[in-house]
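Survey of secondary and tertiary structure
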Amino acid sequence: MAINSKYMQLYGYDLLLGSIAAFYLFMAPYTKVEESFNVQAMHDILYWRQHVEKYDHLEFPGVVPRTFIGAVIVSVLSSPFILGASLLQLPKIYSLYAVRLVLGCIILSTLRFFRIQIRKNFGSHVEVFFVVLTLLQFHMLFYCTRPLPNILAFGLVNLAYGYWLKRSFYAALNSLIFATIVFRCDILLLAAPLGLELLLSRSISLPKALLSCTVTALFCIGLTVLVDSILWRKLLWPELEVFWFNSVLNRSSEWGTHAFHWYFTSALPRSLLAAYPLFVLGVVLDKRVRFYIIPVLSFIVLYSKLPHKELRFIISSLPMFNLSAAIAASRIYNNRKKSFWKYLYVAMLGLFLISLGCTILTFMASYENYPSAYALKELHKMGHLANNSNEVSVHIDTFSAINGISRFCENHEPWRYSKEEGIPLQEFQTRNFTYLLSEHAQVNGYKCLLSIKGFSGTRLHVGFPPISLVKIPKVFVHGNVENEEIMHRRWPGC
C-alpha cells in the first residue's frame, strides 16, 4: 500500500493528464491535413523503411517541406509495437494509435518536467491548480498526441520553461534554438524576448550565450540538413524554406487572415478558458511570475503581426499562462474564508464549471471533424467483394484526404487506394474505380451508397443543453454502377 501511495504521489498527476489525453486519442484517432506530413512520414518509416522511393512526400510534397526528425524519433520508439502488430496481422490503424501514444508520452513527460519545477518554485498548491486548469482545457491535451510540427516544438518549449524555472538559462535558450531550427522557425519569436530579458536582468552573459547558442544552432542545422537532405533527395534545410515562405514572402496569408488582436480576443480565451482571467490576476498578485509572462506575451504580440493566424501556432504559450493562472487560483483558495476572497472563490468555481462545459462541447465538435475517416471505416466494413482476387480500388478526393484519412487508415490487399488530384467529375465514369470517397453527392457513372455527416456549427435553443451541434452530410461514398455485386447489395443510402 505504501508503495502504491508513493507511486501515485510521484506519477498520479501524469496518469491523470495521460488518461484524458489517451481518451481524446482513442475517441478521435484520425488526423487532418495539418498533421499529414508527419503522420504519413511515420507510416512510411515504419512500413517502407529504407525504400524511400515509396514515401508519400515524394508524390505529395505539400506547400513547404518539413523535417523528418520528429517522425524518425517517434517511429523508432514505436517500432517494437508495430513489429508485434505486423506479426499478429493487426490493421494498420492500431499503429496509428501507437505512434500517437508515443508522441503523447514524449510531450507529457516534458510537461511533467515543467510541472516539477513549478512545485519546487511555487509550491504544491500551485502545482495542483496547474494540473486542474490543464485538465479543464481542451486544446493542450487534445493536441499533445497529434503529429504537428507545432507539437514537436511544444515539447522542447516545455523543456525550456522547466530549465527557465530551474535557472538553467543557457539550457532553456538551447532548447528554444533546437525547436526553432528543426521544428518551427516561429519559436524564434519566443527565444528572442527571453534572451533579451535574460541579458537585461544579467542572468546570462552575452559572450557565453552567443557561444552556447551558436554551437547548438550549428549542430541543429547540420542534423536537419543531413537527415532531411537524404529523405527529401535534395540539399535542404526545411525550416529555412518555411521561414522564407511564411515570413519573407508572406504566402501563409493565402490560407486566411485575422485581425491583429485575434490571438487575444479569440484563440487565448478559447484555449485557456477559466485560466484567461486568472492569469491576468496572477500577474497582479505575484510579481515573480511577471519575469516569466513578459517574454511569452511578447511572443504573442510579435506573432500577431503575421496576418495568417491559427490557435496551434501559439499553443506553446499555454503552460506559462496556466502557471500564472494557477498562482492566482492558489491565492484565492488559500484566502477563501475571508470576506472579499470568498466571492472570488465562488466566481472561480463557476469559471471551472463553464470551462468543463466548453471543453465537453469542443470535444464533441472535434469528434465529428473527421468525416472521411468514418466513411472509409464504414466502406471497409461493408465494401468487401465476394471474389477476393478482384482488386477493390478506392479513389479518395482532396476533401476526403485532408479530413481524416492517412496511410494508417488503409487496409491490405485486395484494397487499393488512389489520391490522384485534378480528375474532372465527368471523367470518373471512364475510370475503373470500384468506389469513390467524394465531397460531391452525385458523380456520373456511380451510385451514392452512403453519406457521413460532419460538424457544421452550433445552435442555441431553449432547454438543456442550451447548445447543440449542427451536422450536415460532408462525405459521400459512391459505387461503380457497372459492378453488379455493389448494385445488388443493400446500402444505407444517401
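One can find the structure itself at the top, above this paragraph.
Fair warning: this is a prediction, and the values are worked out from it, not measured in the lab.

Scanning the protein for helices and strands turns up 20 helices and seven strands. Against the globule reference of 23 Å for 494 residues, the protein gives a C-alpha radius of gyration of 25 Å, in line with a compact fold. Judged by the C-alpha coordinates and their principal axes, the protein covers about 75 × 60 × 55 Å. Across the 494 residues in the protein, those meeting the buried criterion constitute 51%. Of all intrachain contacts in the protein linking residues separated by at least 6 positions in sequence, the fraction that spans at least 24 positions is 76%. Element-wise, carbon and sulfur atoms account for 63% of the exposed surface of the protein, whose accessible area totals about 23,300 Å².

This part covers the pairing of strand β5 (residues 435-438). Residues Tyr435 and Leu437 point to one face of β5 and Leu436 and Ser438 to the other, with burial holding for every one of them. Where strand β2 (residues 392-396) and β5 come together, three bridges link them in parallel fashion. For Val394, the partnering residue across the bridge sits in β5 and is Tyr435.

With that out of the way, let us pick up the packing of aromatic side chains. Counting across every chain of the model gives 40 aromatic pairs. With a centroid separation of 6.4 Å and an interplanar angle of 40 degrees, the aromatic rings of Tyr55 and Phe68 are classed as tilted. A residue pair is termed long-range when its members are at least 10 positions apart, and Tyr55 in the loop between α2 (36-47) and α3 (56-59) and Phe68 in the loop between α3 and α4 (69-87) qualify at 13 residues. Through a chain of ring-to-ring contacts, three or more aromatic side chains come together here, namely Phe23, Tyr24, Tyr30, Phe138, Phe142, Tyr143, Phe363, Tyr367 and Tyr374. Taking NZ or CZ as reference, Arg336 lies 4.0 Å from the ring centre of Tyr333, over its face.

Looking now at the nonpolar core. A general tendency of soluble globular proteins is for nonpolar side chains to be buried together. Grouped together as the largest cluster of nonpolar side chains are 136 residues, with contacts concentrated most on Phe114, Trp164, Leu278, Met320, Leu323, Tyr435 and Leu437. Ranked by residues supplied to this core, first place goes to helix α5 (residues 93-122) with 13 residues.

With that settled, the discussion passes to the pattern of salt bridges. Across all of its chains, the model carries 20 salt bridges by this definition. Residue Lys419 pairs with Asp56 through a salt bridge whose shortest N-O separation is 3.3 Å. With Lys419 in the loop between β4 (415-418) and β5 and Asp56 in helix α3, this pair connects stretches of sequence that are 363 residues apart. The two residues Lys419 and Asp56 agree in class, both being buried. Between Arg312 and Glu310 there is a salt bridge whose closest N-O contact spans 2.8 Å. Overall, Arg312 belongs to the buried group, its relative accessible area being 13%. Where salt bridges share partners, they join Asp14, Arg112, Arg115, Arg119 and Glu127 into one cluster.

Take α2 next. Its 12 residues give α2 an end-to-end C-alpha distance of 16 Å, which sits within 8% of 16 Å, the value for a rise of 1.5 Å per residue. For α2, a buried count of 10 out of 12 residues is recorded, marking the element as mostly surrounded by other parts of the structure. Within the sequence span of α2, burial applies to Phe37, Asn38, Val39, Gln40, Ala41, Met42, His43, Asp44, Ile45 and Leu46. On its buried side, α2 packs onto β1 (31-32), α3, α4, α5, α8 (149-165) and α11 (206-232). Note on α2: the residue one or two positions beyond its end, Arg49, has a positive phi of about 50 degrees.

One open sheet accounts for five strands, arranged β4-β2-β5-β7-β6; its pairing is mixed. Pairing within the sheet leaves two strands with one partner each, and these edge strands are β4 and β6 (446-460). Averaged over all pairs of adjacent strands, the angle between their axes in this sheet comes to 20 degrees, without regard to strand direction. The sheet strands contacting helix α18 (residues 371-382) are β2, β4, β5, β6 and β7 (467-480), and the helix crosses β6 at an angle near 145 degrees.

Tracing the chain through its elements places Glu368 in the loop between α17 (339-367) and α18. Overall, Glu368 belongs to the buried group, its relative accessible area being 16%. Each residue touching Glu368, except ones within four places of it in the same chain, is listed here: Lys453, Gly454, Phe455 and Lys471.

Another aspect to go through is the state of the cysteines. In this structure the tally under the stated criterion is one disulfide. With a sulfur-sulfur separation of 1.8 Å, Cys448 is cross-linked through a disulfide to Cys494. What sets the handedness of the Cys448 and Cys494 disulfide is the S-S torsion sign, and at about -80 degrees it is left-handed. Highlighted residues: Cys448 in strand β6 and Cys494 in the segment after α20 (484-488), separated in sequence by 46 residues. Cysteine Cys144 remains unbridged, with the sulfur of Cys105 as its closest cysteine sulfur at 8.9 Å. Residue classification places Cys144 among the buried positions, given a relative accessible area of 1%. Not part of a disulfide, Cys220 finds its nearest cysteine sulfur in Cys213, a span of 10 Å.

Moving on to the environment of Glu421. Of note, Glu421 is situated in the loop between β4 and β5. Considered as a pair, Glu421 and His57 are 364 residues apart in the sequence and their alpha carbons are 15 Å apart. Excluding residues that lie within four positions of it along the chain, Glu421 makes contacts with Phe60 and Thr398.

This part covers a nonpolar patch on the surface. Where nonpolar side chains cluster on the molecular surface, the patch consists of Leu240, Phe243, Trp244, Val248 and Leu249 and spans about 480 Å² of accessible area. Within the secondary structure, Leu249 is located in the loop between α12 (238-248) and α13 (262-272).

Turning our attention to α8. For α8, built from 17 residues, the straight-helix expectation of 24 Å at 1.5 Å per residue is met to within 8% by its first-to-last C-alpha distance of 25 Å. Buried residues dominate α8, accounting for 15 of its 17 residues. Directly beyond the C-terminal end of α8, a positive phi value near 65 degrees is found at Arg167.

Take the packing of helix α6 (residues 124-136) against helix α16 (residues 318-334) next. At a minimum axis separation of 8 Å, α6 and α16 run at an interaxial angle of 120 degrees. When the interaxial angle is binned, α6 and α16 end up oblique. The way α6 lies across α16 gives a crossing that is right-handed. Touching His125, Val126, Phe129, Phe130, Leu133 and Thr134 of α6 are Pro319, Asn322, Leu323, Ala325, Ala326, Ile327, Ala329, Ser330, Tyr333 and Asn334, all from α16. When the residues that make up the contact of α6 with α16 are grouped by side-chain class, the tally is 11 nonpolar, five polar and no charged.

Cut-off values and rules
- Residues numbered from 1 in each chain as written.
- Predicted model: local features only at pLDDT ≥ 70, side-chain atom pairs only at ≥ 80, totals over all residues.
- Heavy atoms only, no water.
- Helix = DSSP H or I, 4+ residues; strand = E, 2+ residues; numbered from the N terminus.
- Rg over C-alpha atoms; globule rule 2.2 N^0.38 Å.
- Buried < 20%, exposed > 50% of the residue type's maximum accessible area, 1.4 Å probe, protein only.
- Contact = heavy atoms within 4.5 Å.
- Areas by Shrake-Rupley, 256 points an atom, 1.4 Å probe, with all protein chains shown as cover.
- Pairing = 2+ DSSP bridges.
- Phe/Tyr/Trp six-rings, centres within 6.5 Å; stacked < 30°, edge-to-face > 60°.
- Lys NZ or Arg CZ within 6 Å of the ring centre and 35° of its normal.
- Core = buried A, V, L, I, M, F, W, Y, C linked by side-chain atoms within 4.5 Å.
- Salt bridge = Lys/Arg side-chain N within 4 Å of Asp/Glu carboxyl O.
- Expected span 1.5 Å × (residues − 1).
- Axes fitted to C-alpha atoms, helices over the stretch in contact; angles between N-to-C directions.
- Disulfide = S-S within 2.5 Å.
- Patch = residues over 30% accessible without salt bridge, like charges linked within 9 Å, V, L, I, M, F, W, Y side chains within 5 Å.
- Parallel < 35°, antiparallel > 145°, perpendicular 65-115°, else oblique.
- Left-handed = near helix turned anticlockwise from the far one by under 90°.
- Nonpolar A, V, L, I, M, F, W, Y, C, P; charged D, E, K, R; others polar.

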